[in-house]
Amino acid sequence: MMICTPYFDGSTMSHSLLVPCPHCHTLNRVPAERLQDGGQCGRCKAPLMSGTPLALGAQHFDVHAQQGDLPLLVDFWAPWCGPCRSMAPAFEAAAASLEPRVRLAKVNTEEEQRLAARFGIRSIPTLVLIHKGRELARQSGALGQEQIVRWAQANLPGAR
């Protein structure tokens with residue numbers, strides 16, 4: 001269920017999106033037309049958009065994957081994985097291109113084995129695109145920045 005709240009700016013009615021803070025993980029309502037402005041968390045006052053992937057563990061994963069209204073692109077990786085390390089700069093650069101339309105996150109499969117098992121991660125790196133708790137697409141293997149951006153955009157809700 002998507003949670004939308006009417007927002008009145010004096011001339012039009014609009015809807016707001018729930019955007020989890022990348023720092024304290026509090027849900028924030030942001031008017032859809034103001035998403036590009038980034039905004040700041042109502043609780044911790046940190047920026048809601050950083051242009052960089054956030055490290056997620058099991059404790060806060062569902063806030064971003066299920067409760068937030070932004071699609072979540074997750075890189076399941078491990079520190080010992082050569083292809084994971086080589087893809088890391090491309091994933092970081094893709095975050096700057098895809099935010100604020102998509103939130104990017106990294107899950108260390110060595111530290112978050114239950115989360116990796118929950119998603120059936122069999123090889124790394126694996127990218128999983130999630131929206132409102134539902135997996136939209138999956139891609140295994142290292143990709144470059146442009147490939148990550150194209151793949152994510154092609155699999156976003158409404159792109160097909």
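So, here is what we can say about the structure in this document. (Residues numbered from 1 in each chain as written. Predicted model: local features only at pLDDT ≥ 70, side-chain atom pairs only at ≥ 80, totals over all residues. Heavy atoms only, no water.)

Concerning the overall build of the chain
For clarity, the threshold we go by: Put simply, DSSP H or I for four residues or longer makes a helix, DSSP E for two residues or longer makes a strand, and each gets a number counted from the N terminus. Each radius of gyration reported is based on C-alpha atoms, and the globular scaling rule is 2.2 Å times the count of residues to the power 0.38. The contact rule is simple, with two residues in contact once any of their heavy atoms fall within 4.5 Å. Where accessible areas are quoted, they stem from the Shrake-Rupley method and a 1.4 Å probe; at the residue level, only the protein chains shown are allowed to cover. Asp and Glu are treated as the negative residues and Lys and Arg as the positive ones, with His and the ends of the chain left uncounted. Where a charge sits is defined by one atom per residue type, namely NZ (Lys), CZ (Arg), CG (Asp) or CD (Glu).
Each helix and strand counted, the chain has 4 helices and 8 strands in total. Whereas a compact globule of 160 residues would reach a radius of gyration of roughly 15 Å, the chain reaches 16 Å, a difference of no more than 12%. Summarising its shape, the C-alpha atoms of the chain cover approximately 55 × 30 × 25 Å along the three principal directions. Excluding contacts between residues fewer than 6 apart, the proportion of contacts in the chain whose partners are at least 24 apart in sequence is 61%. Accessible surface computed for the chain: about 8,100 Å², of which carbon and sulfur atoms make up 51%. Between the mean site of the 16 positive side-chain charges and the mean site of the 13 negative ones, the chain shows a separation of 4 Å.

Brief notes about the nonpolar core
We apply this condition: Put simply, buried Ala, Val, Leu, Ile, Met, Phe, Trp, Tyr and Cys residues joined by side-chain atoms within 4.5 Å make one nonpolar core. A 1.4 Å probe rolled over the protein chains alone gives each residue an accessible area, and that area as a share of the maximum for its type sets the label: buried under 20%, exposed over 50%, partly exposed in between.
Membership of the largest hydrophobic core comes to 19 residues, with the highest contact counts inside it found for Leu-73, Leu-98, Leu-104, Leu-127 and Ile-148. Of all the secondary structure elements, the ones that give two or more residues to this core are α2 (82-98), β7 (126-131), β8 (134-140) and α4 (145-155). It is α2 that contributes the most residues to this core, 6 residues altogether. One finds Leu-56, Val-74, Val-107 and Ile-121 within the second-largest nonpolar core, a separate group that totals 15 residues.

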